[in-house]
Amino acid sequence: MTNLIEFEDALEDDDWGLIISASGELKGLFIPEGKEEEDVPQSIVEMCTRIFGIDVTQNYQENTIH
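Residues numbered from 1 in each chain as written. Predicted model: local features only at pLDDT ≥ 70, side-chain atom pairs only at ≥ 80, totals over all residues. Heavy atoms only, no water.

Enquirer: An account of the environment of L11 is needed here, citing residue identities and associated values.
Expert: Along the chain, the position of L11 falls in the segment before β1 (17–20). The spacing of L11 and F30 is 19 residues in sequence and 9.7 Å in space, taken between C-alpha atoms. If we ignore the near neighbours within four places in the chain, the residues touching L11 are W16 and F30. (Helix = DSSP H or I, 4+ residues; strand = E, 2+ residues; numbered from the N terminus. Contact = heavy atoms within 4.5 Å.)

Enquirer: Any chance you could break down the pattern of salt bridges for me, citing the residues and the numbers?
Expert: Following the criterion strictly, the structure yields 1 salt bridge and no others. For E46, the salt bridge is made with R50, and the minimal N-O distance between the two is 3.6 Å. Highlighted residues: E46 and R50, both in helix α1 (residues 42–52), separated by 4 residues, approximately one helical turn. Classification of R50 by relative accessible area gives exposed; the value is 66%. (Salt bridge = Lys/Arg side-chain N within 4 Å of Asp/Glu carboxyl O. Buried < 20%, exposed > 50% of the residue type's maximum accessible area, 1.4 Å probe, protein only.)

Enquirer: Any details on a negative patch on the surface? Residues and values, ideally.
Expert: A contiguous patch of negative charge on the surface is contributed by E12, D13, D14 and E33. Tracing the chain through its elements places D14 in the segment before β1. (Patch = residues over 30% accessible without salt bridge, like charges linked within 9 Å, V, L, I, M, F, W, Y side chains within 5 Å. Areas by Shrake-Rupley, 256 points an atom, 1.4 Å probe, with all protein chains shown as cover. Lys, Arg positive; Asp, Glu negative; His and termini not counted. Charge placed at Lys NZ, Arg CZ, Asp CG, Glu CD.)

Enquirer: An account of the nonpolar core is needed here, citing residue identities and associated values.
Expert: One finds W16, L26, L29, V40, I44, V45, C48, I54 and V56 forming the largest nonpolar core, which totals 9 residues. At the level of elements, β2 (26–30) and α1 are the ones that each hand at least two residues to this core. In contact with V45, other than residues within four places in its own chain, are V40, D55, V56 and T57. (Core = buried A, V, L, I, M, F, W, Y, C linked by side-chain atoms within 4.5 Å.)

Rendered as structure tokens:
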């Protein structure tokens, strides 16, 4: 039997998380409480830019990630 854990329950208070759709697209970025988009670690920024073609530090009006 597999125990399921809610996404937020799997994270520590200062953890960042990526949510990826079933088709492999970046669907969301979980930002820890008290942090802002400007605080995204450089390694996450680089990965999202290289792999998903999205600069997570920019504000998006269309196709917003959550």
